[in-house]
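Observations on the three-dimensional arrangement
What follows is each chain in one-letter form.
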Amino acid sequence: MLLNHPGPGDLVSHNNHFAGYGTGFEGQVNVRIVEEDGTTIGSGFAQSSGGMGVIGEFLGEITLSQNPSGKRGFIEAWSDSGKGEGEQPSLVRVPIVFS
């Protein structure tokens, strides 16, 4: 899994585009924006062009559900393993700055 937009240190606002390369169970890639303390303030998903088990491009948009309480956080992307809820074997975290 590779999340290449936004990149480390990029400014993030209320509506954000994300993009990268990866795959997931049934080709789905999950994305969320979290504050430094781990509070999720936005979530979404995208479909990988590669499908299940084949790495491909993904892109999408994520909207914050609430205003961040601080200036820094993370955008995270992962694919479910298909074995059960909550598993995130391919989780990537990119540090971001809230504008």
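Residues numbered from 1 in each chain as written. Predicted model: local features only at pLDDT ≥ 70, side-chain atom pairs only at ≥ 80, totals over all residues. Heavy atoms only, no water.

We now examine unusual backbone geometry. Note the cis peptide between H5 and P6, where omega equals 0°. Within the secondary structure layout, P6 lies in the loop between β1 (2–5) and β2 (11–12). Of note in this structure, E26 is not a glycine but carries a positive phi near 55°. Note that E26 resides in the loop between β3 (15–22) and β4 (28–35). You can call E26 exposed: its relative accessible area is 56%. (Helix = DSSP H or I, 4+ residues; strand = E, 2+ residues; numbered from the N terminus. Buried < 20%, exposed > 50% of the residue type's maximum accessible area, 1.4 Å probe, protein only.)

Within the fold, T23 resides in the loop between β3 and β4. There is a polar contact of 3.3 Å between the side chain of T23 and the backbone oxygen of V54. Each residue touching T23, except ones within four places of it in the same chain, is listed here: M1, V29, S48, G51, M52, G53, V54, I55 and S79. (Polar contact = N/O pair within 3.5 Å; in protein donor to acceptor, adjacent residues only side chain to side chain. Contact = heavy atoms within 4.5 Å.)

Looking now at the nonpolar core. One broad rule of soluble globular proteins: the nonpolar side chains tend to lie buried together. Grouped together as the largest cluster of nonpolar side chains are 17 residues, with contacts concentrated most on L3, F18, V31, I33 and I75. Taken together, the elements giving at least two residues each to this core come down to β4, β5 (40–47), β6 (56–63), β7 (72–78) and β8 (92–98). No other element matches β8, which puts 4 residues into this core. Once residues lying within four places of it in the same chain are set aside, the contact partners of F18 are L3, H5, P6, V31, F45, A46, F58, L59, G60, E61, I62 and I75. (Core = buried A, V, L, I, M, F, W, Y, C linked by side-chain atoms within 4.5 Å.)

A cluster of nonpolar side chains, L2, Y21 and I55, forms an exposed patch at the surface whose accessible area comes to about 310 Å². On the basis of relative accessible area, Y21 is assigned to the partly exposed category, the value being 36%. (Patch = residues over 30% accessible without salt bridge, like charges linked within 9 Å, V, L, I, M, F, W, Y side chains within 5 Å. Areas by Shrake-Rupley, 256 points an atom, 1.4 Å probe, with all protein chains shown as cover. Salt bridge = Lys/Arg side-chain N within 4 Å of Asp/Glu carboxyl O.)

Along the chain, N30 turns up in strand β4. Only 2.9 Å separates the side chain of N30 from the side chain of Q28, close enough to count as a polar contact. Here N30 is in contact with G44, F45, E76, A77, W78, S79 and D80, once residues within four sequence places are set aside.

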